[in-house]
Amino acid sequence: MRILSFTLLILVSLVCFAQQFAVELSAMNLLYKGIDNPVKISASGVSEENLVVETSPNLKLTDSGTLRVISGREGFVKVGKLERRDTLWLGKQTFRIRPLPQPTAQLGGLQNDGLPKSKDMILAQTSVIATMGAGFAYHLSYQVSEFRLIISYRDQPSYIEHIIGNKISLKGKAAMRSTFKGDRIIIEGIKVRETKYGWINRLSPIVMTVRS
């Protein structure tokens, strides 16, 4: 299986057997629950047909070359080679297991950091997105299916709209244009679906104050 360019190589040298084996993961020494963790396992000088791989009971190595987590906080992969009818174990690699982090909702390209944003920057955005961030090792694609847009004005009643999909409506855009410094834009009730695995999540709200 082809591993992404930023794959980190975990290489263990076993002096007693003068042998090397490698377990490649997209995130070094870390497995996530709920997803297929891409993995490539090899041993120096050992052909694929003579390679023996065994996992801890809480992990499953799939035919497509991924590791799935069943349970637990830690798991291992043992690598060995066939010698006649016996298996010579070369060693094992232990991995930490973590829950998959939640994605973060953003208004377009504006970071959800709580800092005031200029009105021009806000109006330049057209949709609500969900992202795991640039530093996350695996590609997961989330699609926003609905949200509630609230414009909290300082000197008039709030504008509230429930929107299906991820696009800011024309009415919502008009409400944003009528904001002034100190008004707040709140996007809450954000519902997202991961396109590969089908998970549905509700994300923390986006709250931003109009700067100018």
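Worth saying up front: this structure is predicted, and the values here are computed from it rather than measured.

**Considering the pairing of strand β9 (residues 86-98)**
No. 1: Pairing geometry for strand β3 (residues 30-32) and β9, over three bridges, is parallel. Paired with leucine 30 across the two strands is arginine 96, which belongs to β9.
No. 2: Hairpin connection of strand β8 (residues 74-83) to β9: two residues between the antiparallel strands, including arginine 84 at a positive phi of 60 degrees.

**With respect to the nonpolar core**
No. 1: Grouped together as the largest cluster of nonpolar side chains are 33 residues, with contacts concentrated most on Val128, Phe147 and Ile190.
No. 2: When residues of this core are traced back to their parent elements, those giving at least two are β3, β10 (104-107), β11 (128-131), β12 (142-152), α2 (170-177), β14 (184-194) and β16 (206-209).
No. 3: Ranked by residues supplied to this core, first place goes to β12 with five residues.
No. 4: Leaving out residues up to four positions away in the same chain, isoleucine 190 has contacts with Ala105, Val128, Val144, Glu146, Phe147, Asn201, Arg202, Leu203, Ser204, Pro205 and Ile206.

**Regarding the sheet that holds β9**
Within a sheet, each strand pairs with its neighbour through backbone hydrogen bonds, oriented either parallel or antiparallel.
No. 1: The strand order β3-β9-β8-β5 describes an open sheet built from four strands, whose pairing is mixed. The strands lining the two open edges of the sheet, one partner per strand, are β3 and β5 (51-55). Going across the sheet, the axis of each strand differs from the next one's by a mean of 35 degrees, ignoring polarity.

**Examining the side chain of asparagine 166**
No. 1: With respect to the helices and strands, the residue asparagine 166 is situated in the loop between β13 (159-164) and α2.
No. 2: A relative accessible area of 16% means that asparagine 166 is categorised as buried.
No. 3: Excluding residues that lie within four positions of it along the chain, asparagine 166 makes contacts with Thr126, Ser127, Val128, Gln143, Val144 and Phe147.

**Quick look at the pairing of β11**
The side chains of a regular strand alternate, residue by residue, between the two faces of the sheet.
No. 1: Burial along β11 is one-sided: Val128 and Ala130 are buried, and none of Ile129 and Thr131, which face the opposite way, are.
No. 2: Examined bridge by bridge, β10 and β11 share four bridges and lie antiparallel to one another. Note on β11: the bridge partner recorded for threonine 104 is threonine 131.

**Some words on the environment of tyrosine 142**
No. 1: Positionally, tyrosine 142 belongs in strand β12.
No. 2: A relative accessible area of 9% places tyrosine 142 in the buried class.
No. 3: The spacing of tyrosine 142 and valine 192 is 50 residues in sequence and 6.1 Å in space, taken between C-alpha atoms.
No. 4: Contacts of tyrosine 142, omitting those with residues within four sequence positions, involve Leu100, Pro103, Ala130, Met132, Val192, Arg193, Glu194, Trp199 and Asn201.

The rules behind the values
Residues numbered from 1 in each chain as written. Predicted model: local features only at pLDDT ≥ 70, side-chain atom pairs only at ≥ 80, totals over all residues. Heavy atoms only, no water. Pairing = 2+ DSSP bridges. Helix = DSSP H or I, 4+ residues; strand = E, 2+ residues; numbered from the N terminus. Core = buried A, V, L, I, M, F, W, Y, C linked by side-chain atoms within 4.5 Å. Buried < 20%, exposed > 50% of the residue type's maximum accessible area, 1.4 Å probe, protein only. Contact = heavy atoms within 4.5 Å. Axes fitted to C-alpha atoms, helices over the stretch in contact; angles between N-to-C directions.

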